[in-house]
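Next come the chains, spelled out residue by residue.
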Amino acid sequence: MRTRRAPSRNVALAALLLLIQPAAAWAHVFAERYDLPAPLGYFVVGAAAAVALSFVVAAVFMRGMPRESPAKEFVVPLGPVLQPLRAVCRVISVVLLCMVVVAGLFGNRNPEMNFAPVLVWIVWWVGLPLVVACVGNIWSALDPWRAVFEWTDKAARRLGFANGISLNLAYPLWLGAWPAVFLLLLFVWIEVLYPHAAVPAHLATMVLAWTAFTVLGMMCFGLDAWRRNVDVFAVYFTTLGRFAPIDPGPEGRRVVLRPLGHGLITSPVDSFAMAGFVIAMLATVLFDGLLGTQALAIIHRALATSLPGFVDERGYVLGTVGLICVWLLFLGAYLVSCLVTARLVRDRPVAAIARMFALTLVPIAIAYNVAHYFSYLLVQGQMVIPLLSDPLGLKWNLLGTAQYQPDIGLLDARFTWYLAISSIVIGHVISIWLAHRLALLEFRTSRQAVIASVPMTVLMMTYTAVSLLVIADPLVQITQPAVSS
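Remember, it's a predicted structure, so these values are computed and weren't measured experimentally.

**Q** Could you clarify how one ought to interpret the pairing of strand E4 (residues 254-257) in this entry?
**A** In the case of a regular strand, side chains alternate between the two sheet surfaces. Relative to E4, strand E2 (residues 74-77) runs antiparallel, the two being bridged by four bridges. Its bridge partner being in E4, Val 76 is matched across the sheet by Val 255. Sheet topology note: the strand E3 (residues 246-248)/E4 ladder contains three bridges and is antiparallel. The residue bridging Pro 248 from the neighbouring strand is Val 255, located in E4.

Here is the structure:
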C-alpha cells in the first residue's frame, strides 16, 4: 500500500517525490507536523458542535417558506459575446488535449519534466473543480471531447449526411447514471492506486483511450444522453457547477447570477444513481485521505501477515476493496438517514428522500476538496510555470520561465490544518442550511422541515468528525492531555 505522507527528513525530497507521482500525492505534505494547542478531540467535538448549532439556528430563524427560484436569480444578457468566447475556449481545450498526448508520447519520460502529468493531475483534476464550484461550470465550454464530436458531426452534415455521425441509438434507461458512478470510482482508482498514472506515456495512452471511448459513445447514443449518464467528467463538473453563483442561460446568450448553492435545491436529482454519484464524490476524497493514515497501514500489514495470498505487496487488493467499501459505507449511512427521515415524515418513500437531499451534500464534497487538495494545488501547481516554457522537457525556454523554482515553503502545516477544519465546518454548515431550506420547500411546514432535517444533521456531524480525524493523521502532532501526578 502506497502512503501519501512524505518522508520526514526533507521537504524538498517530499515535493520531488510528489511531483514524480502526482497520482499518489497527499495534499498535506510537510516535513514537520503542526503541534495542536489542544487535544485533537476538542477540535473534532467543537467542529461537530458548530454543525449542530447551525441546525438549531436554521430551525429557529428559518421557519417561513422561502420564495421560489426565479426571485433569487438575476439574468445578465451578454448578447453575442458568449458564442465566440465558447468557440475560443473549445479551440484552446483541444489544443491542450493534443499537447497532453504529444508531451506524453514524445516528451521527457520523467513526470517532473513533462507537461502532461501536471496539467492533468494538478491543473485539471484539482484546480478546475474548485473554479467550477466557486465561479461557474466552464467545463461545458472547455470539454475537448464534446468539441471534437460537435466539429466532426458538423462536418459530416455539411458533406450531406443528414444525421451527421450520430447513430441515434436509444440509451438504455435502466442504466441511468450508474456508468458515471462506476467510471468515477475507476478514475479515482487510477489516480490513487495505479502506480503508473503519472508516467507520461501511460497517461497519454489513457487519454487517447478515453477520447475514443467517449466520442464513440456520443456517436451511438447522442451527445446529451452520453454526457448526462456516462461521461463522468461532464456529470462531475455539472454537479459541482450547481453550487456556483454563475449559471449559463439556456439560449447561450446570457448568464444567471444566483446565491451560492441555489442550483442545488431548485432542481433535485431525478434518479437514485445520481445520489450514488454524489456519495461517491464524498467517499473518494475521504478514501484518498485514508491512504495516508497509520490505521490503513496497520490493517495492510495485519492482512499481509494473516492472509498473504489475499493482500499483494503494492496494496491493489486492499486498496480496491477499501475504495468500494468506503463508498458503500457512505452510501449505506446516507440511506439509513433517509430511512429514518421517511419514517418520521411518513409522506414519501426512502428513494424519494434520497433523491431529494442528495445534492445538499455537494458543499461537503467541495469542502473536502479544499481541505485535502488546496495546499497541494498551491505548492505543486507552481510547476506549471516552468513547464509552460518547456512542455516536453527538451531544455526549451519558450516563455523565459523554464528556470522558475517553485516555492515549496509557501504554506505550512498550521495554515493547512486551520484551512482544512474551517472549510469542512463551513461546507457542512452550508449543507445544513440547504437541506433545511429544501425541506421547507418540500414539506411546507416548519415542523416537518425540522423533523426531516434531524437525521441529515446527525449524518453531517458524523461526516465532520470522521473527515477531521482522517485529515489530522498525517498532518498534526496530536497533543495528549496532561496527566497529573
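**Q** Would you mind showing me how to read a nonpolar patch on the surface here?
**A** Together, Phe 74, Val 131, Val 135, Ile 138, Ile 246 and Leu 257 line one region of the surface with nonpolar side chains, adding up to about 460 Å² of accessible area. By the secondary structure assignment, Phe 74 is in strand E2. Judged by its relative accessible area of 55%, Phe 74 is exposed.

**Q** Where do I start with helix H8 (residues 200-221) in this structure?
**A** In an α-helix, one turn spans 3.6 residues; hence positions three or four apart end up facing the same way. The end-to-end C-alpha separation of H8 is 31 Å, in line with the 32 Å expected for 22 residues at 1.5 Å each. Taken together, the buried positions of H8 are Pro 200, Leu 203, Ala 204, Val 207, Trp 210, Thr 211, Thr 214, Val 215, Gly 217, Met 218 and Cys 220.

**Q** Looking at this structure, I do not really get the pattern of salt bridges. What am I missing?
**A** Evaluated as defined, the whole model comprises six salt bridges. A salt bridge links Glu 150 to Arg 90, with the nearest nitrogen and oxygen atoms 2.3 Å apart. Taken as a pair, Glu 150 in helix H6 (residues 144-158) and Arg 90 in helix H3 (residues 82-106) lie far apart in primary sequence, 60 residues in all. Taking the relative accessible area as the measure of exposure, Arg 90 reaches 16% and is therefore buried. Among the salt bridges present, the one from Glu 150 reaches Arg 146, with a minimum N-O distance of 3.2 Å. Of this pair, Glu 150 and Arg 146 both sit in helix H6, four residues apart, which is roughly one turn of the helix. Connected through salt bridges with shared partners, the residues Arg 90, Arg 146 and Glu 150 form a single ionic network.

Basis of the calculations
Residues numbered from 1 in each chain as written. Predicted model: local features only at pLDDT ≥ 70, side-chain atom pairs only at ≥ 80, totals over all residues. Heavy atoms only, no water. Pairing = 2+ DSSP bridges. Helix = DSSP H or I, 4+ residues; strand = E, 2+ residues; numbered from the N terminus. Patch = residues over 30% accessible without salt bridge, like charges linked within 9 Å, V, L, I, M, F, W, Y side chains within 5 Å. Areas by Shrake-Rupley, 256 points an atom, 1.4 Å probe, with all protein chains shown as cover. Salt bridge = Lys/Arg side-chain N within 4 Å of Asp/Glu carboxyl O. Buried < 20%, exposed > 50% of the residue type's maximum accessible area, 1.4 Å probe, protein only. Expected span 1.5 Å × (residues − 1).

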